[in-house]
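Coordinates in review
As a plain string of letters, each chain reads:
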Amino acid sequence: QVQLVESGGGLVQPGESLTLSCSASGIRLSTVTMGWFHQAPGKQRNLVAGITELNNINYKSSVKGRFTISRDDANNAVLLQMNNLEPEDTGRYYCMTINYDPRPNWGQGTQVTVSS
């Protein structure tokens, strides 16, 4: 059974940085397209960054230039480097496979709070 576990969130001030990590069991993340999703309080979950098996990358426009998605194949993980964080980035962050069937259950996510 595939399990995804997110970590690395925290409370930071605007302009600061965090790196989120998505680790997995039951799947080699390097073989699938992965995405990071953001769920702001009271809002739906939205894709903010994705990376394909061929390492083609896309970002939601609001995070472009500030967030970087990458793979850590040695640790079977996908990372999300978040720089210059803004209050609007506050929320829970989840990772998920994009093209793996059956889709795994969502993990618990990791909370990011950006506040002065």
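Our subject is the structure listed above.
This write-up is about the structure you can find in this document. (Residues numbered from 1 in each chain as written. Predicted model: local features only at pLDDT ≥ 70, side-chain atom pairs only at ≥ 80, totals over all residues. Heavy atoms only, no water.)

Let us now look at the overall build of the chain. Helix and strand counts for the chain come out as zero helices and 10 strands. Shown N-terminal to C-terminal, the secondary structure of the chain runs as helices and strands in the order β-β-β-β-β-β-β-β-β-β. Overall, the chain is about 40 × 25 × 25 Å in size when its C-alpha atoms are taken along their principal axes. Taking all 116 residues of the chain together, 41% fall into the buried category. For the chain, the proportion of contacts with a sequence separation of at least 24, taken over those separated by at least 6, is 53%. (Helix = DSSP H or I, 4+ residues; strand = E, 2+ residues; numbered from the N terminus. Buried < 20%, exposed > 50% of the residue type's maximum accessible area, 1.4 Å probe, protein only. Contact = heavy atoms within 4.5 Å.)

For the rest of this paragraph, the subject is the sheet that holds strand β4 (residues 34-39). Spatially, six strands are ordered β2-β10-β9-β4-β5-β6 in an open sheet, and the strand pairing comes out mixed. Whereas interior strands pair on both sides, the edge strands pair on one side only; in this sheet they are β2 (10-12) and β6 (57-59). Across this sheet, the average inter-strand angle for adjacent strands is 25 degrees, counted without regard to direction. (Pairing = 2+ DSSP bridges. Axes fitted to C-alpha atoms, helices over the stretch in contact; angles between N-to-C directions.)

Time to look at the state of the cysteines. In total, this model carries one disulfide according to the counting rule given. The side chain of Cys22 participates in a disulfide bridge whose partner is Cys95; the two sulfur atoms lie 2.1 Å from each other. Disulfide Cys22-Cys95: the torsion about the S-S bond is 65 degrees, which places it as right-handed. On the criterion of sequence distance, the pair formed by Cys22 in strand β3 (residues 18-25) and Cys95 in strand β9 (residues 91-97) is long-range, its members being 73 residues apart. According to the relative accessible area criterion, Cys95 is buried, its value standing at 1%. (Disulfide = S-S within 2.5 Å.)

Moving on to the sheet that holds β3. Taken together, four strands build an open sheet; the order of strands is β1-β3-β8-β7 and the sheet is antiparallel. Sheet topology places β1 (3-7) and β7 (67-72) at the edges, where each strand pairs with a single neighbour. In this sheet, neighbouring strand axes are inclined to one another by 20 degrees on average, regardless of whether the strands run parallel or antiparallel. Pairing geometry for β1 and β3, over five bridges, is antiparallel. Residue pairing for β3: Glu6 is matched across the bridge by Cys22.

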